[in-house]
Amino acid sequence: MYRENEGADSEHRMMKTGRLFVLSGPSGVGKGTLRENALNDAPNLKYSISCTTRKPRDGETDGVEYRFISREKFREDISQGLFLEYAHVHEDYYGTLKADVVRELEAGHDVLLEIDVQGALQVREKMPDAVLIFVAPPSVEVLERRLRGRGTEAQESLNVRLENALKELALKDEYDYIIVNDDLHSACEELRKIIL
Ligand code: ADP
Ligand code: 5GP
């Protein structure tokens, strides 16, 4: 239920709408891996593709992993109020388009966002029924190993991500659920149960 428009809110309640799930956690913890599994397991679950000002990594395609947009366009979209939430994360901007989420929920689909903690807390303010799920690593050492093992980040970007990880971990108790991603199969099963 989106709070900026109470008229739409009451109409919204009459319809069979989907549920909104928000997945957060430090970079490299396994959110993308868990998300892929959840999308395979739950046919009614749709992933909302975020906008970002970061440059695509090798193998990433505009409109698949993200909508890759310029800072100028991002600022324009902010000023037009198009974002449900947005945040400055690891030196770039990331945001979720409100229209994308509302369209899917109203079509009766569940929606999954994979966003940082600042964004998750904004979503909770606007859509209090959203289910907030935090993915935590078994330890900071394991997190660093996974992030290095993924091989996508240069040293500087890796350091920024590890510093931010500690800030994100400090906010995990704000979430409805915490999944420790140690054994991947168990973590996927926990997420599947929450969603279904
Ligand atoms: P995020 O999306 O949170 O940044 P990824 O899903 O890209 O993280 O995972 C980071 C790396 O850790 C990837 O190489 C992934 O294959 C690996 N990984 C994810 N979950 C586990 C797990 N439970 N055990 C071991 N490796 C994992
Ligand atoms: P990456 O650059 O590794 O793809 O993502 C970096 C971080 O940005 C991750 O923590 C991810 O959850 C977060 N992120 C991705 N999309 C969004 C979004 O739309 N909004 C917010 N607030 N964070 C996002």
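Attention here is on the structure that accompanies the text.

About the cut-offs
Residues numbered from 1 in each chain as written. Chains lettered and ligands numbered in written order. Predicted model: local features only at pLDDT ≥ 70, side-chain atom pairs only at ≥ 80, totals over all residues. Heavy atoms only, no water. Buried < 20%, exposed > 50% of the residue type's maximum accessible area, 1.4 Å probe, protein only. Helix = DSSP H or I, 4+ residues; strand = E, 2+ residues; numbered from the N terminus. Arc of directions from axis to C-beta. Pairing = 2+ DSSP bridges. Contact = heavy atoms within 4.5 Å. Axes fitted to C-alpha atoms, helices over the stretch in contact; angles between N-to-C directions. Polar contact = N/O pair within 3.5 Å; in protein donor to acceptor, adjacent residues only side chain to side chain.

1. Considering helix 4 (residues 98–106)
- Along helix 4, the residues classified as buried are K98, D100, V101 and L105. In an axial view of helix 4, the angular spread of the buried residues amounts to 165°, which keeps them on one side of the axis.

2. Points about the sheet that holds strand 3 (residues 51–52)
- Taken in spatial order, the 4 strands line up as 4-3-6-5 in an open sheet, and their pairing is mixed. Each of the sheet's edge strands pairs with one partner strand only, and the pair in question is strand 4 (67–68) and strand 5 (83–89).
- Summarising the sheet, strand 3 and strand 6 (residues 92–97) pair through 2 bridges and their orientation is antiparallel. Looking at the pairing, T52 lines up with Y94 of strand 6.
- With respect to the sheet, helix 4 is in contact with strand 4, strand 5 and strand 6, its orientation differing from that of strand 6 by roughly 30°.

3. Notes on the sheet that holds strand 1 (residues 20–24)
- The 5 strands lie next to each other as 2-7-1-8-9, forming an open sheet whose pairing is parallel. Because the sheet does not close on itself, it has two edges, and the strands there are strand 2 (45–47) and strand 9 (177–180). Each neighbouring strand pair of the sheet contributes to a mean axis angle of 25°, computed without reference to strand direction.
- In this structure, strand 2 lies alongside strand 7 (residues 110–114), joined through 3 bridges in parallel fashion. Its bridge partner lying in strand 7, K46 is registered against V111.
- The sheet strands contacting helix 8 (residues 184–195) are strand 1, strand 2, strand 8 (131–136) and strand 9, and the helix crosses strand 9 at an angle near 160°.

4. Thoughts on the side chain of S27
- With respect to the helices and strands, the residue S27 is situated in the loop between strand 1 and helix 2 (31–41).
- You can call S27 buried: its relative accessible area is 8%.
- Reaching out from S27, the side chain makes a polar contact with the side chain of R161 at a distance of 3.2 Å.
- Filtering out sequence-adjacent residues up to four positions away, S27 remains in contact with H90, L143, L147, R150 and R161.

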